[in-house]
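Each chain is listed here by its residues.
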Amino acid sequence: MTRDSADPRAAFEELALPLFEPLYNYARWLTHDPIEAEDLVQETYLKGLRGFGSFAPGTNFRAWMYRILRNTFLTSRSGLRAVPPVSIDEDPDAYEQISVAETPESLFFARVDSETLRSSIEALPLTFREVLVLSDVENMSYREIAETLSIPIGTVTSRLVRARQKVRNTLRGER
Amino acid sequence: MTDHLTPEEIEQHADGEAESAEHLRECAVCANAVLSAMQMKRALRAMPRFAPPAGLRARVLAAPPARRSHVAWWLAAAAVLALAIGGVALLRARDAAAGQLVDLHTTILASANPVDVLSTDRHTVKPWFEGRLPFAVDVPDLALPFHLIGGRVIYWRGQPGAYLLIGKGAHRISLFVFASDAVPRAIASHAGMSVVVWRAHGLAYVAVADVPADDLQPLRQAFARD
């Protein structure tokens with residue numbers, strides 16, 4: 001990537017504007033609120049533009065912008081509420097019983113309507129919701145998710161396991 | 001037959017993050033688990049996405065200094081203020097007070113734990129100050145768009161005070177509460193940061209925020225009310 005030092009704003013916009021819709025989508029998943037999501041996206045672009053000088057060319061710009069959006073959210077009121085007081089990853093009891101012997105029904109998700117699926121994801125604690133949304137909705141690789149959330153790849157994997165398990169359990173319970 | 005895949009390996013396969021495994025070709029249980037994870041992934045991808053409202057893109061593009069709710073901006077403002085305050089003796093006392101309080105505001109907001117009592121409930125925040133300060137802090141019921149985030153004890157010019165962190169949309173307002181005689185009568189706004197001072201119930205209130213001073217008036221009314 002080259003950066004036009006004469007016009008950093010143009011360089012920033014060229015990189016950042018294609019992310020506009022995905023960032024808004026992600027903001028909605030984090031905040032559950034259209035107004036807050038709007039504020040969050042605006043603030044993310046302002047922070048991104050102002051901090052663009054500290055972005056290291058050649059590193060992942062998408063992860064960088066998502067990280068700004070997420071950090072901004074986490075310091076907001078609803079973000080402070082959404083963060084669990086203790087680390088969920090370190091609580092072994094929280095690891096739900098997972099057995100490969102449990103047979104997942106074939107075509108199970110083909111029958112689930114979008115609204116049911118959406119509400120089951122919205123019900124997830126932030127830690128699991130965000131990893132699932134980044135992976136499955138935003139199509140990020142484990143490495144990119146790890147970079148965005150500043151966590152190890154192994155943690156990304158284990159959170160995804162539990163996120164999908166929780167969604168599956170919710171959907172089973174609802175039928 | 002080889003060992004079953006771990007739950008992590010199943011997700012890795014569904015996400016295309018794993019090398020192909022011999023085991024999947026011979027184990028229907030694991031293959032089924034991977035298939036299920038892939039179906040969930042596909043279902044999530046197929047969900048309608050949230051579309052940004054019309055006009056947001058234009059607002060983002062139009063953006064710059066209209067909104068200044070930025071740690072980076074605050075830090076820059078604080079640095080400028082610190083230089084100005086440190087170097088120029090011409091500043092009058094009330095300007096110095098503004099600079100110091102704006103600095104405090106910036107420092108607190110930039111901290112990992114801006115408040116010691118984190119609660120949107122005034123009935124939690126108010127009693128928290130009891131025994132921590134030589135005066136009682138009345139925390140009124142705030143009407144939207146203001147919302148209480150939390151509070152802490154701070155010291156300024158050797159005086160203990162209450163610090164309340166209040167949100168207004170994405171903006172953060174610092175409200176400092178001191179014994180009345182500790183604070184100058186008037187404090188000028190500083191470098192675009194609004195500083196509003198008022199007195200009520202024998203206490204002095206100083207609100208610092210990056211919103212227009214007029215927007216802080218409802219807050220003043222809420223705190224000045226009996």
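Please read all numbers here as calculations on a predicted model, not as lab measurements. (Residues numbered from 1 in each chain as written. Chains lettered and ligands numbered in written order. Predicted model: local features only at pLDDT ≥ 70, side-chain atom pairs only at ≥ 80, totals over all residues. Heavy atoms only, no water.)

1. Overview of the overall build of chain B
So the rule is basically this: Note on conventions: DSSP H or I runs of at least 4 residues are helices, E runs of at least 2 residues are strands, and numbering of each starts at the N terminus. Only protein chains enter the calculation, and the probe is 1.4 Å; a residue is then buried if its accessible area is under 20% of its type maximum, exposed if over 50%, and partly exposed in between. Residues are treated as being in contact if the distance between any of their heavy atoms lies within 4.5 Å. Areas reported here follow the Shrake-Rupley algorithm with a probe of radius 1.4 Å; residue values treat only the protein chains shown as occluding.
Along chain B, the regular secondary structure elements total 8 helices and 6 strands. Going from the N terminus to the C terminus, chain B shows its helices and strands as α-α-α-α-α-α-β-α-β-β-β-β-β-α. Evaluated residue by residue, chain B yields a buried proportion of 50% over its 226 residues. Sequence-distant contacts, at least 24 apart, represent 54% of the contacts inside chain B between residues at least 6 apart. Of the roughly 10700 Å² of accessible surface on chain B, 55% is carried by carbon and sulfur atoms.

2. Overview of helix α8 (residues 142–149) of chain A
Residue and element names in this part refer to chain A. Most of α8 is tucked away: 6 of the 8 residues are buried. Listed as buried for α8 are Tyr 142, Glu 144, Ile 145, Ala 146, Thr 148 and Leu 149. Just downstream of α8 lies Ser 150, where phi reads positive at about 55°.

3. Considerations on the nonpolar core
For the record, the criterion: By nonpolar core we mean a set of buried residues, namely Ala, Val, Leu, Ile, Met, Phe, Trp, Tyr and Cys, connected to one another through side-chain atoms within 4.5 Å.
Core analysis: the largest hydrophobic core is formed by 55 residues, its most contacted members being Val41(A), Tyr45(A), Phe61(A), Met65(A), Leu117(A) and Ile121(A). Among the nonpolar cores identified, the runner-up in size contains 30 residues, and Val139(B), Leu175(B), Leu203(B) and Leu219(B) belong to it.

4. Focus: the confidence of the model for chain A
Basically, it comes down to this: Across the chain, each position has a pLDDT score giving the predictor's confidence in that residue, from 0 to 100.
Taken as a whole, chain A shows an average pLDDT of 81; of its residues, 79% reach a score of 70 or greater. Within the model, the stretch residues 92–103 of chain A combines pLDDT values under 50 with 21 contacts to residues more than four positions away or in other chains.

5. Some remarks on the sheet that holds strand β4 (residues 171–179) of chain B
Residues and elements named next belong to chain B. Put simply, the rule reads: Two strands are said to pair when DSSP picks up at least two bridges between them. Axis geometry follows a simple rule: fit a line to the C-alpha atoms, using only the stretch in contact for helices, then measure angles between N-to-C directions, giving values from 0 to 180 degrees.
As summarised here, the arrangement of the 6 strands in space is β1-β2-β3-β4-β6-β5, forming an open sheet in which the pairing is antiparallel. The outermost strands of the open sheet, each flanked by one partner alone, are β1 (117–118) and β5 (194–200). Summarising the sheet, β1 and strand β2 (residues 146–156) pair through 2 bridges and their orientation is antiparallel. The residue of β2 that forms the bridge with Val 117 is Gly 151. Against the sheet, helix α7 (residues 122–129) engages β1, β2 and β3 (159–168), with an angle of about 10° to β2. Contacting β2, β3, β4, β5 and β6 (203–209), helix α8 (residues 217–224) runs over the sheet at an angle of about 20° to β5.

6. With respect to helix α7 (residues 126–137) of chain A
Along an α-helix, residues three or four positions apart point the same way, because every turn accommodates 3.6 residues. Residues and elements named next belong to chain A. Judged by how many residues are buried, α7 sits mostly within the fold: 12 of 12 residues are covered. All buried positions along α7 are accounted for by Leu 126, Thr 127, Phe 128, Arg 129, Glu 130, Val 131, Leu 132, Val 133, Leu 134, Ser 135, Asp 136 and Val 137. Phi turns positive, to about 60°, at Asn 139, one or two residues after α7.

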